[in-house]
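This is what each chain is made of:
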Amino acid sequence: MRPKKTTQKSSTLSIRLYPTEKIALKLLAKNCGLSLSDYLRKTGLNQTIKSRFTPEELSIYQTLVDYRNHFSRISNLIKDQLDFKKEVQHVIEKIDHQLNKISQ
């Protein structure tokens, strides 16, 4: 567990925006799971911001994880057929590569 910070944010900054800009920034912040203030702070300080998965993307990601697990099990069951096992392991590597790209 992280220790609590002893300093608090006490300074404010006021900026002028067009209403459409404010809406766009709020939407971007919401997509990242951040408040508008946190979003602006992180972008202003060039910190990495990761957007959250949509429910559909999360479902697809979970399906890929399931496929990877199933192919691993199949690969473990196949002892005698070396060529087929290599193909399955190749598919597993491709899925792993895609999962790593998604999670970064």
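Whatever comes next refers back to the structure up there.
Quick caveat: nothing in here was measured; it's all calculated off a predicted structure.

Chemist: I'd like a rundown of the environment of Ser72, residues and numbers included.
Modeler: Within the element layout of this structure, Ser72 appears in helix α3 (residues 55-77). Judged by its relative accessible area of 16%, Ser72 falls in the buried class. Through-space distance from the C-alpha of Ser72 to that of Gln98 is 16 Å; in sequence the pair is 26 residues apart. Polar side-chain contacts of Ser72 include one of 2.5 Å to the side chain of Arg68.

Chemist: Quick rundown of the packing of α3 against helix α4 (residues 82-103)? Include the residues and the values.
Modeler: Between α3 and α4, the least distance of the axes is 9 Å, while the angle of their chain directions is 155°. Comparing their axes, α4 and α3 come out roughly antiparallel. Pair α3 / α4 crosses with left-handed handedness. Within the contact between the two elements, α3 uses Tyr61, Leu64, Val65, Tyr67, Arg68, Phe71, Ser72, Ile74 and Ser75 and α4 uses Phe84, Lys85, Val88, Gln89, Val91, Ile92, Ile95, Asp96, Leu99, Ile102 and Ser103.

Parameters and conventions
- Residues numbered from 1 in each chain as written.
- Predicted model: local features only at pLDDT ≥ 70, side-chain atom pairs only at ≥ 80, totals over all residues.
- Heavy atoms only, no water.
- Helix = DSSP H or I, 4+ residues; strand = E, 2+ residues; numbered from the N terminus.
- Buried < 20%, exposed > 50% of the residue type's maximum accessible area, 1.4 Å probe, protein only.
- Polar contact = N/O pair within 3.5 Å; in protein donor to acceptor, adjacent residues only side chain to side chain.
- Axes fitted to C-alpha atoms, helices over the stretch in contact; angles between N-to-C directions.
- Parallel < 35°, antiparallel > 145°, perpendicular 65-115°, else oblique.
- Left-handed = near helix turned anticlockwise from the far one by under 90°.
- Contact = heavy atoms within 4.5 Å.

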